[in-house]
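Observations on the three-dimensional arrangement
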Amino acid sequence: MRTIMTPAVALLLLIGQACNTKIEKQENKESDKNELNAIFPKGDKGTEEWFTGNAYYIGLVEADSIHTTLVGNVYFEPKARSHWHTHPSGQILIITDGVGYHQIEGQEIEVLKKGDVVKCPPNVKHWHGASPDVSLQQLYIIPNTENGIVEWMEPVTDEVYNAK
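All of the points below concern the structure found in this document. (Residues numbered from 1 in each chain as written. Predicted model: local features only at pLDDT ≥ 70, side-chain atom pairs only at ≥ 80, totals over all residues. Heavy atoms only, no water.)

**Side note on the side chain of Gln-91**
Counting through the fold element by element, Gln-91 comes out in strand β7 (residues 91-104). You can call Gln-91 buried: its relative accessible area is 5%. A polar contact of 3.2 Å, which involves the side chain of Gln-91, links it to the side chain of His-128. Excluding residues within four positions of it along the chain, Gln-91 makes contact with His-85, Val-118, Lys-119, Cys-120, His-126, His-128, Tyr-140, Ile-141 and Ile-142. (Helix = DSSP H or I, 4+ residues; strand = E, 2+ residues; numbered from the N terminus. Buried < 20%, exposed > 50% of the residue type's maximum accessible area, 1.4 Å probe, protein only. Polar contact = N/O pair within 3.5 Å; in protein donor to acceptor, adjacent residues only side chain to side chain. Contact = heavy atoms within 4.5 Å.)

This is the structure:
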């Protein structure tokens, strides 16, 4: 026996399939909402001597005798952050995706978003990292590496991090 599908039944089937597809897409968006649009590879996992939580870094430009500047990328998962540190010639951060924090010792925490640029002054104690719920991806630029690169200090406490 042959079954004949009426136009009305065919339309209902198409609508049902479209609704299921829309629900699947929404579920995928929900699960991917913390995923960043990465420009560079994630890199190597940072050491506990420098970071709290999961942070990954990759060098992009090595300093040499002509270009005495380091450039790299750091990807911070939610709640991950650097320890307090200083740079003899300062540091520039360019936020390429996500939401994060930056703080200079003694100042309020600054919220960072995609497109923000931060200049960390020379020899000034600071930290930076992701917000509690969203990852952060940043480029770092360290100029005049002949003066030194970084001095790592103590971890940023949860109390300081959560002061936002």
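**Things to note about the pairing of β7**
With 11 of 14 residues buried, β7 is to be regarded as a mostly interior element. Bridge count for β7 against strand β9 (residues 117-120) is 4 bridges, and the pairing is antiparallel. Within β9, the residue paired with Leu-93 across the bridge is Val-118. Of the pairings in the sheet, the one linking β7 to strand β11 (residues 136-142) comprises 6 bridges and is antiparallel in character. Pairing of Asp-97 across the sheet is with Gln-137, part of β11. Taken together, the 4 bridges between β7 and strand β8 (residues 110-113) define a ladder with antiparallel strand orientation. If you follow Tyr-101 over to β8, its bridge partner there is Val-111. Between the end of β7 and the start of β8, which pair antiparallel, lie 5 residues, with Gly-106 showing a positive phi angle near 90°. (Pairing = 2+ DSSP bridges.)

**Overview of unusual backbone geometry**
Residue Asn-123 is not a glycine yet carries a positive backbone phi of 55°. Secondary-structure assignment places Asn-123 in the loop between β9 and β10 (126-130).

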